[in-house]
Amino acid sequence: MVFIVILIASFLLQMVLPWWVIVVISFATCGLIGKTAKISLWSPFFAILLLWLGMALFKSIPNQHLLASRIAEMLDVKVWWMVLVVSTLLGAFVAAISGICGYHFRKAVLSKKTNA
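As a starting point, this report considers the structure included with it. The residue count restarts for each chain, going from 1 along the sequence in the order it is written. Thresholds applied to this predicted model are a pLDDT of at least 70 for local features of residues and 80 or more for the giving and counting of side-chain atom pairs; totals over whole chains, interfaces and linings are not thresholded and use all residues. Side-chain calculation: all heavy atoms of the structure are included, whereas hydrogens and water are not.

## Some thoughts on the nonpolar core
Test applied: In this text, buried Ala, Val, Leu, Ile, Met, Phe, Trp, Tyr and Cys residues form a nonpolar core when linked through side-chain atoms within 4.5 Å. Residue burial is assigned from relative accessible area. The probe radius is 1.4 Å, only protein chains are included, and a residue is buried under 20% of its type maximum, exposed over 50%, and partly exposed in between. Under the scheme used here, helices are H or I runs from DSSP no shorter than 4 residues and strands are E runs no shorter than 2 residues, and both carry numbers assigned from the N terminus. Here a residue-residue contact requires only that any non-hydrogen atoms of the pair lie within 4.5 Å.
V2, I6, L7, V21, I22, I25, C30, A47, I48, L51, W52 and A95 together form the largest nonpolar core, which totals 12 residues. Those elements giving two or more residues to this core turn out to be α1 (2-13), α2 (21-33) and α3 (37-60). Excluding anything up to four places from it in sequence, A47 contacts F3, I6 and L7.

## Points about α2
Selection rule: Helices are assigned an expected span. That span is 1.5 Å times one less than the residue count.
Relative to the 18 Å expected for 13 residues at 1.5 Å per residue, α2 spans 18 Å between its end C-alpha atoms, a close match to the ideal helical length. Of all the positions in α2, only V21, I22, I25, S26, T29, C30 and G31 are classed as buried.

## A look at a nonpolar patch on the surface
Using the following cut-off: Think of a patch as exposed residues, more than 30% relative accessible area, with no salt bridge, where like charges cluster within 9 Å and nonpolar side chains (Val, Leu, Ile, Met, Phe, Trp, Tyr) cluster within 5 Å. A 1.4 Å probe and the Shrake-Rupley method give the accessible areas. Residues count as covered only by the protein chains that appear here. Salt bridge criterion: a side-chain nitrogen from Lys or Arg within 4 Å of a carboxyl oxygen from Asp or Glu.
Together, I4, I8, F11, L12, L13, M15, V16, L17, M55 and F58 make up a nonpolar patch on the protein surface, roughly 970 Å² of accessible area in all. Among the elements of the structure, α1 and α3 are those that each provide at least two residues to the nonpolar patch. Ranked by the residues each element gives to the nonpolar patch, the list is headed by α1, at 5 residues. Residue classification places L12 among the partly exposed residues on the basis of a relative accessible area of 49%.

## A look at the packing of aromatic side chains
In plain terms, the rule: We call Phe, Tyr and Trp rings a pair once their centres come within 6.5 Å, taking the six-membered ring for Trp, and we label the pair stacked below 30 degrees between planes, edge-to-face above 60, and tilted otherwise.
Going through the model one piece at a time under the given rule, you end up with 5 aromatic pairs. Relative to F46, the ring of W42 lies with its centre 5.7 Å away and its plane at 25°, an arrangement referred to as stacked. On the criterion of helical spacing, the pair formed by W42 and F46 is a turn pair, its members being 4 residues apart in helix α3.

## Observations concerning the environment of F45
Relative to the elements of secondary structure, F45 occurs in helix α3. For F45, a relative accessible area of 16% translates into the label buried. Considered as a pair, F45 and G91 are 46 residues apart in the sequence and their alpha carbons are 8.0 Å apart. In this view, F45 contacts L89, A92, F93 and A96; residues no more than four positions away in its chain are not counted.

Here's what the structure looks like:
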């Protein structure tokens with residue numbers, strides 16, 4: 001459930017908002033419906049990994065990876081697919097950290113409510 005919500009919400013909101021909206025979406029989704037820490041870590045990771053890899057390939061394939069190749073030359077890695085791998089892993093890592101933070105934020109707020 002968390003995976004699907006993050007995937008769809010990120011896809012729709014990234015059309016009009018900047019890339020870092022995945023942080024807000026992952027935090028809010030895992031804070032509201034994340035059941036375990038494991039789910040809150042890996043669901044945003046794989047959702048954003050799949051979304052960003054798919055979108056990068058969708059944009060890169062029609063122009064024969066021209067932009068990715070130029071960025072690869074600029075970064076001195078020489079292969080276009082390495083740019084896609086690094087960028088998708090960075091996005092997935094950011095989403096995973098945000099998701100686990102949202103889960104632990106909810107746990108901290110709930111434990112504070114029960115103690116008071």
